[in-house]
Structure formats: structure tokens, C-alpha cells
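Chain residues, written in single-letter form:
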Amino acid sequence: MPRHIRQLFSACLAALTVSVLMSGCAWLPQACLPPSRVMASAEMIFGRNIGDRPGISESVFANFVAREITPRFPDGLTVVDGDGQWRDGVRNVDVRERAKVVLITFADDAQKRADLVAIAESYKRQFSQQSVLTKVGNVCASF
């Protein structure tokens, strides 16, 4: 085999090896710089329409937070106003609506994850919602 072909083959093999090894990094536990530590971070997005109309006021949402979220996450949370859109698959239309985004960072455990599900289910039931977007991931955090 000519030398330039061997060099090209070696370079490609090296690149492939590095790529495979780097992809494995996603499976390694996350390392945080002190004083941070690995925690769970949840983002929940609550639509405020009921049907096609605005229906969940600031005070109604604040009461929901006080009744359903704060008791489950008493260490703290952040509520942010948002504008969103989503595809209503039942009616096959795009829906635009005001939203509330709730951000929660917490020590991860099964009960806290179950609490997130309970919050979403309660909101859907109380306000006739099809869904509550809930995203959870690991982050480095310190307070």
C-alpha cells in the first residue's frame, strides 16, 4: 500500500477513534467545580388559555403555585412570563398563547420527579389543559 494511502488511513482511523471516545463522555458523570454540585433542573411550561381564550389570570396562576408547587419545592423556584405556541393535534391548528415558565433546581430523587408529574397532572385537570411541557436534566448548581 502506498505511503500516502497508509497515512490517510491512519489519520481517518485516529479521527474515528477520538470521535468514538468523545461520544462516550456523555455517559460519564458530570463533574462540577466547587462549590457547585450536580443537581436536577426542571423547566415546566404552563399554557394560560382555556380553549381558545385567555383564561388563567395572574392571580389564579399565583394561587396554583402557592397551592401545588411551593409545598413540593419549598427551597425555591422562579416563575417567568412567556409567549408560546404549540400544535393542537386534535384540531390540527397552531395555538399561540401566554405562558408561565417555572424553573426549579433541586437535589434529584424519585419523589421530586413524581412531584413534577403530580404538578403537571393537577394543572391539566384544573384548567382543562392537554399538556404541560416538563423538561428535566442535570446541571452544576450552587446557591
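Below you will find a few notes about this structure.

Definitions and cut-offs
Residues numbered from 1 in each chain as written. Predicted model: local features only at pLDDT ≥ 70, side-chain atom pairs only at ≥ 80, totals over all residues. Heavy atoms only, no water. Pairing = 2+ DSSP bridges. Helix = DSSP H or I, 4+ residues; strand = E, 2+ residues; numbered from the N terminus. Salt bridge = Lys/Arg side-chain N within 4 Å of Asp/Glu carboxyl O. Buried < 20%, exposed > 50% of the residue type's maximum accessible area, 1.4 Å probe, protein only. Expected span 1.5 Å × (residues − 1). Arc of directions from axis to C-beta. Contact = heavy atoms within 4.5 Å. Polar contact = N/O pair within 3.5 Å; in protein donor to acceptor, adjacent residues only side chain to side chain.

Some words on the pairing of strand β1 (residues 37-47)
As judged from the nine bridges shared by β1 and strand β6 (residues 133-141), these two strands associate in the antiparallel manner. Bridging from a neighbouring strand, Ala40 pairs with Asn138 of β6. Note: β1 against strand β5 (residues 93-106), eight bridges, orientation antiparallel. Across the sheet, Ala42 pairs through a bridge with Ile104, a residue of β5.

Here we look at the pattern of salt bridges
Where side chains of opposite charge bring their charged atoms close, a pairing between them can arise. The tally for this structure, following the rule as stated, stands at 13 salt bridges. In this structure, Arg48 and Glu58 form a salt bridge, with 3.2 Å as the shortest nitrogen-oxygen distance. Here Arg48, found in the loop between β1 and β2 (49-50), pairs with Glu58, found in helix α2 (residues 58-69); they are ten residues apart in sequence, far enough to count as distant. Residue classification places Arg48 among the buried residues on the basis of a relative accessible area of 9%. One salt bridge in this structure joins Asp88 and Arg91, with 2.8 Å as the shortest N-O distance. The exposure class of Asp88 is buried, given its relative accessible area of 3%. When its relative accessible area of 40% is taken as the criterion, Arg91 is described as partly exposed. Salt bridges sharing partners connect three or more residues here, namely Arg48, Glu58, Asp81 and Lys100.

Notes on α2
Counted at 1.5 Å a residue, the expected span for α2 with its twelve residues is 16 Å, and the 15 Å between its end C-alpha atoms agrees. The set of residues buried in α2 consists of Phe61, Phe64, Val65, Glu68 and Ile69. The arc that holds the buried residues of α2, viewed along the axis, is 100°, so those residues lie on one side. Here the buried face of α2 lies against β1, β4 (78-88), β5 and α3 (110-127).

Points about α3
Taking 1.5 Å per residue as the helical rise, α3 with its 18 residues ought to reach 26 Å, and the 26 Å between its terminal C-alpha atoms agrees with that figure. Along α3, the residues classified as buried are Asp115, Leu116, Ile119, Ala120, Ser122, Tyr123 and Phe127. The arc that holds the buried residues of α3, viewed along the axis, is 160°, so those residues lie on one side. Looking at α3, the residues exposed on the side facing more than 90 degrees away from the buried face are Ala110, Gln111 and Arg125. Where α3 begins, one side-chain oxygen reaches toward the backbone nitrogen of Gln111, 2.9 Å away; that side chain belongs to Asp109. In the stretch just after α3, Ser128 is the one whose phi turns positive, near 50°.

Quick notes on unusual backbone geometry
The peptide bond linking Pro34 to Pro35 adopts the cis configuration, its omega dihedral lying at 10°. Within the secondary structure layout, Pro35 lies in the loop between α1 (3-23) and β1. For Asn92, which is not glycine, the phi torsion reads 60° and is therefore positive. Structurally, the position occupied by Asn92 is in the loop between β4 and β5. Using a relative accessible area of 52% as the deciding quantity, one classes Asn92 as exposed. Positive phi, close to 50°, is recorded for Ser128, a residue that is not glycine.

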